[in-house]
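Survey of secondary and tertiary structure
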Amino acid sequence: MGENEDKDEFILHVIQLLNPLDDALNKIILTKSVRTIYFALADSRERLIQFLSKKKVNELVPVLLQMNVWLNRLTRIEQDKKIEFNNVKSIIPQVLKWRKIVRNVLIDLTNEEKKLNKMES
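Residues numbered from 1 in each chain as written. Predicted model: local features only at pLDDT ≥ 70, side-chain atom pairs only at ≥ 80, totals over all residues. Heavy atoms only, no water.

Details of the nonpolar core
Inclusion rule: Among the buried residues, those of types Ala, Val, Leu, Ile, Met, Phe, Trp, Tyr and Cys that are joined through side-chain atoms within 4.5 Å form a nonpolar core. Buried, partly exposed and exposed residues are distinguished by accessible area as a fraction of the type maximum, computed with a 1.4 Å probe on protein chains only: under 20%, between the cut-offs, and over 50%, respectively. Here a helix means four or more residues in a row that DSSP labels H or I, a strand means two or more in a row labelled E, and each is numbered from the N terminus.
Counting residues in each nonpolar core, the largest one holds 31 residues, and the members touching the most others are Leu41, Leu48, Leu60, Val95, Trp98 and Val102. Among the secondary structure elements, those contributing two or more residues to this core are α1 (3-29), α2 (34-54), α3 (60-75) and α4 (85-120).

If you want it as structure tokens, here you go:
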């Protein structure tokens, strides 16, 4: 795989994994309905699951578990109401933490790919 292909793969992973997290974060900050936030987080979690089916990355397993906890919490709240400020205060740091972990995993995977490619050349 060439350097451009590495960049393309990295960008694809960013789009697939970080954009949905950013979308969920945006909906939380804008205090959208609980249902809207739930589906944004569920989409993000589903994309992580699909990613993990291709690449086994242990650092992402706790993120998935924590996402499940939040999704379960959100199911117990009235779906058509806006998310309450206390929940916003609690979930924003979590989503930022998940985003940082996912970002770091993607950077590490990209760097590992580069090293492997150099060794093969």
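Observations concerning the side chain of His13
Just so we agree on the cut-off: By definition, residues are in contact when any of their heavy atoms lie within 4.5 Å.
Following the sequence through the fold, His13 ends up in helix α1. Owing to a relative accessible area of 13%, His13 belongs among the buried residues under this scheme. Excluding anything up to four places from it in sequence, His13 contacts Leu18, Phe51, Lys55 and Leu106.

Considerations on the pattern of salt bridges
Test applied: A pairing counts as a salt bridge when a side-chain nitrogen of Lys or Arg comes within 4 Å of a carboxyl oxygen of Asp or Glu.
The tally for this structure, following the rule as stated, stands at 4 salt bridges. Residue Asp22 pairs with Arg99 through a salt bridge whose shortest N-O separation is 2.5 Å. Taken together, the residues span a long stretch of sequence, with Asp22 in helix α1 and Arg99 in helix α4 at a distance of 77 residues. Judged by relative accessible area, Asp22 falls into the partly exposed class, the value being 29%. The exposure class assigned to Arg99 is partly exposed, which follows from its relative accessible area of 23%.

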